[in-house]
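Residue-level listing of the chains:
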Amino acid sequence: MSTQRLPTLTAALSVLLIASTFGCQHGHDHPHGDEHAAHGPASEEEGPSLAITRWTDRYELFVELPAPTPGKPVQYHAHVTRLSDFGAVTEGTFKVRFKTATGAANEAVQVGVKRPGIFVFESAAPGAGTYSLEMVYDHFGETDVFDCGAVTVAEKAVASEQELPGGAITFLKESQWKIPFATAWADQRLMARELELPADVEPAAKDQLTVGAPTGGRFFHNPKLALAEGMQIRKGDVIGTVAPTVAGDDYSRLQFAVEEARLSAQQTQRELERIEPLVRQGLLPERRLTELRNELESQNARLKSAGGRLGRVDAPGGAGGLPIKSTLDGLISQVVVPNGEPVEAGAPLLRIGGTEHLWVRARFVAKPASLLIDATPAALRLASGERVALDQLGARFLSTLPAVDASSRVATWIVDVPAPTSKAGGGPPKSADLRPGASVVLAVRIGKPALALAVPRQAVVEINTRPYVFVQADGEHFEKRPVTLGQPDGDFVRVESGLKQRDRIVTRGGFDIHLASLLGTIESHRH
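Residues numbered from 1 in each chain as written. Predicted model: local features only at pLDDT ≥ 70, side-chain atom pairs only at ≥ 80, totals over all residues. Heavy atoms only, no water.

1. Let's talk about the overall build of the protein chain
Link 1 in the chain: A tally of regular secondary structure across the protein chain gives seven helices and 33 strands.
Link 2 in the chain: Counting over 527 residues, the protein chain shows a buried share of 42%.
Link 3 in the chain: Sequence-distant contacts in the protein chain: of pairs separated by 6 or more residues, those separated by 24 or more amount to 72%.
Link 4 in the chain: For the protein chain, the exposed surface amounts to about 27,300 Å²; the carbon and sulfur share of it is 52%. (Helix = DSSP H or I, 4+ residues; strand = E, 2+ residues; numbered from the N terminus. Buried < 20%, exposed > 50% of the residue type's maximum accessible area, 1.4 Å probe, protein only. Contact = heavy atoms within 4.5 Å. Areas by Shrake-Rupley, 256 points an atom, 1.4 Å probe, with all protein chains shown as cover.)

Printed below as a string of structure tokens:
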């Protein structure tokens, strides 16, 4: 199971120094100091306060306000967070309504944020009584309503905020908005078991090409490509050349053919030079000159052909040899013949694996067939620790059950994986570690799925070898909960104890909250 781990001591100290700047922002030089001044310096002079956290499908609201008293001004600090990316909203209208059974007794409206994410405004409280408190965020005509529960307006201010758990960690909204951060509800989901198997990645058999020698000779690599395993090759690329080899009398005949053609051409050229003046003087017919020119062209062609045959044998590096081209796009998986080595006709020169599909070949000690019925490939864990979800790629087993060697009892199971793409929206991105020749761990989903309380793997933070999950008590306070984990399944892991359904958990940013607990971030503030 992959969880977040604490870095080494040196790295942790470095991060602490950086993170300390977030905590310092909430001291005397806090950017919200103008609102602090309005309330005076002594927090003990302030009355009870309310801190309310609510969610809709699109937004989170965290609002702070003093417990209202009849007719007195109430200052609101409403933090609104987009759940799509957990960033601060930058515009919109915010409303506060004190409602009774007959309608709204009091409403305050604030148009526009004072700072990103924060609506700051003031409005008088209604008369004494108990009201339903409703808050509304409106953005371009889309309205989200937050039911903030019952609130009592009385001469003696009454705080209705729930008590924070002991040891709650403060992590302010301004810090949450600056880092990768997310929360979600802990909930039950269908979970199966996962079995992890060692495996290797190779080109799919249907995407493999073995390039052979068309004739005997010496194979010379293309110097512009520098052939090597793992190199990308394109369809039509010249891989190299095969220079045909000849021996003994065959080589002598090639040399003789060149010399014979050269002598014939030279002799015809001399005869042409002798006859040409006689034709101009009218002593010989024009036809004789035309015949000699045709004969010279024919002899020059024979000389060129004979020279080419001899050149393919003699030329260094195979220049002028038979070109060998790739017939598909892919990666070189094996260079069989080194540069300049002799080969026989039909001998393999190199092997190319296509990039459209990969095979993940798992070999393991055979297991009972009943355990593997209806199993599906779930994910790959790469050497870098990265996890690639196979269900997003449409991966499948090539056989219902693995093939088992009767003598060794070693099982082989192959997964066909459409290669990830680098194009946006085309599935998971390519990884340098997911390539032919790589060693990976194949996670196989087995067993009948059953409902279980589960959280995303990345929600679990490992601290001193123990797993923890951070639970959100309110918008800016979190509790570090030790949990007992069960079997993982895909991107989720079972939680056997330590959480309950509908706890609001941190799915990204848990380690940053842990750092905040080490720093002792200021436990209260007023924006």
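2. Some thoughts on the packing of aromatic side chains
Link 1 in the chain: Per the counting criterion, the structure on display carries 10 aromatic pairs.
Link 2 in the chain: When the centroid spacing of 6.1 Å and the interplanar angle of 55° are considered together, the rings of Phe-94 and Phe-121 count as tilted. Residue Phe-94 is located in strand E5 (residues 93–100), and its partner Phe-121 is located in strand E7 (residues 118–124); the two are separated by 27 residues in the primary sequence. Side by side, Phe-94 and Phe-121 carry an identical accessibility label, which is buried.
Link 3 in the chain: By way of ring pairs, the aromatic residues Tyr-59, Tyr-76, Phe-94, Phe-119, Phe-121 and Tyr-137 are connected into one cluster.
Link 4 in the chain: The positively charged end of Arg-189 is found above the aromatic ring belonging to Phe-492, 3.6 Å away from the centroid.
Link 5 in the chain: Here the guanidinium or amino end of Lys-480 rests over the ring plane of Tyr-468, the centre of that ring lying 5.1 Å away. (Phe/Tyr/Trp six-rings, centres within 6.5 Å; stacked < 30°, edge-to-face > 60°. Lys NZ or Arg CZ within 6 Å of the ring centre and 35° of its normal.)

3. Some words on the pairing of strand E32 (residues 492–497)
Link 1 in the chain: Two elements, strand E27 (residues 439–456) and E32, share three bridges in a ladder whose sense is antiparallel. In the strand pairing of E32, Ala-454 is matched with Arg-494.
Link 2 in the chain: Pairing of strand E31 (residues 484–489) with E32 involves four bridges; the strand directions are antiparallel. Note on E32: the bridge partner recorded for Thr-484 is Ser-497.
Link 3 in the chain: Turn length for the E31-E32 hairpin, with the two strands adjacent in sequence and antiparallel, is two residues, and the turn residue Gly-490 shows positive phi of about 65°. (Pairing = 2+ DSSP bridges.)

4. Description of the environment of Arg-435
Link 1 in the chain: Position of Arg-435 relative to the elements: it lies in the loop between strand E26 (410–418) and E27.
Link 2 in the chain: Separated by 232 residues in the primary sequence, Arg-435 and Pro-203 place their C-alpha atoms 8.3 Å from one another.

5. Here we look at the sheet that holds strand E19 (residues 341–343)
Two modes of strand pairing occur in sheets, parallel and antiparallel, and in both the strands are linked by backbone hydrogen bonds.
Link 1 in the chain: With antiparallel pairing, the four strands of this open sheet are ordered in space as E17-E16-E14-E19. A strand with exactly one partner marks an edge of an open sheet, and here the two such strands are strand E17 (322–325) and E19. Taking each pair of neighbouring strands and ignoring which way they run, the sheet shows an average axis angle of 35°.
Link 2 in the chain: Pairing of strand E16 (residues 238–244) with E17 involves four bridges; the strand directions are antiparallel. Note that in E17 the partner of Thr-241 across the bridge is Pro-323. (Axes fitted to C-alpha atoms, helices over the stretch in contact; angles between N-to-C directions.)

6. Re the pattern of salt bridges
Link 1 in the chain: Counted according to the given criterion, the structure contains 22 salt bridges.
Link 2 in the chain: One salt bridge connects Glu-271 with Arg-288, and the closest N-O pair in it is separated by 3.8 Å. Residue Glu-271 is located in helix H4 (residues 249–280), and its partner Arg-288 is located in helix H5 (residues 286–314); the two are separated by 17 residues in the primary sequence.
Link 3 in the chain: What makes Arg-288 partly exposed here is its relative accessible area of 33%.
Link 4 in the chain: Each member of the salt-bridge network shares a partner with another, and the members are Arg-97, Lys-99, Glu-107 and Glu-134. (Salt bridge = Lys/Arg side-chain N within 4 Å of Asp/Glu carboxyl O.)

7. Re unusual backbone geometry
Link 1 in the chain: Of note in the backbone geometry, Ala-226 takes a positive phi value of approximately 55° without being a glycine.
Link 2 in the chain: Tracing the backbone shows Ala-226 in the loop between strand E14 (217–221) and strand E15 (232–233).
Link 3 in the chain: Overall, Ala-226 belongs to the exposed group, its relative accessible area being 54%.
Link 4 in the chain: Even without a glycine there, the phi angle at Arg-409 is positive, about 60°.
Link 5 in the chain: Note on placement: Arg-409 falls in the loop between strand E25 (403–404) and E26.
Link 6 in the chain: The exposure class assigned to Arg-409 is partly exposed, which follows from its relative accessible area of 48%.

8. Details of the confidence of the model for the protein chain
Link 1 in the chain: When pLDDT is averaged along the protein chain, the result is 83; 82% of the residues meet or exceed 70.
Link 2 in the chain: Overall, residues 422–427 carries pLDDT values under 50, and its contacts beyond four positions in sequence, including any with other chains, amount to three contacts.
Link 3 in the chain: Across residues 521–527, confidence stays below pLDDT 50; counting only partners more than four residues off in sequence or on other chains, it has 28 contacts. (pLDDT = per-residue confidence, 0-100.)

9. Considerations on the sheet that holds strand E8 (residues 129–139)
Link 1 in the chain: The sheet built from four strands is open, its strands ordered E6-E5-E8-E9 with antiparallel pairing. This sheet does not close on itself; its edge strands, each paired only once, are strand E6 (103–111) and strand E9 (142–153). Ignoring which end each strand starts from, the neighbouring axes of this sheet average 20° apart.
Link 2 in the chain: Judged from the seven bridges that link them, E5 and E8 form a sheet pairing that is antiparallel. Note on E8: the bridge partner recorded for Phe-98 is Leu-133.

10. Some thoughts on the environment of Trp-177
Link 1 in the chain: Note that Trp-177 resides in the loop between helix H3 (173–176) and strand E11 (182–185).
Link 2 in the chain: In sequence terms Trp-177 and Val-89 are 88 residues apart; their C-alpha atoms lie 10.0 Å from each other.
Link 3 in the chain: Within the local environment of Trp-177, its side chain forms a polar contact with the side chain of Thr-81, the two groups lying 3.0 Å apart. (Polar contact = N/O pair within 3.5 Å; in protein donor to acceptor, adjacent residues only side chain to side chain.)

11. Notes on the pairing of strand E20 (residues 348–354)
Link 1 in the chain: Most of E20 sits inside the fold, with five of its seven residues counted as buried.
Link 2 in the chain: Strand direction decides the pairing type here: strand E13 (residues 208–212) and E20, joined by five bridges, are antiparallel. Bridge pairing in E20 places Thr-210 opposite Arg-351.
Link 3 in the chain: When strand E18 (residues 330–335) meets E20, the two strands line up antiparallel, connected through five bridges. Bridging across to E20, Leu-331 finds its partner in Gly-353.

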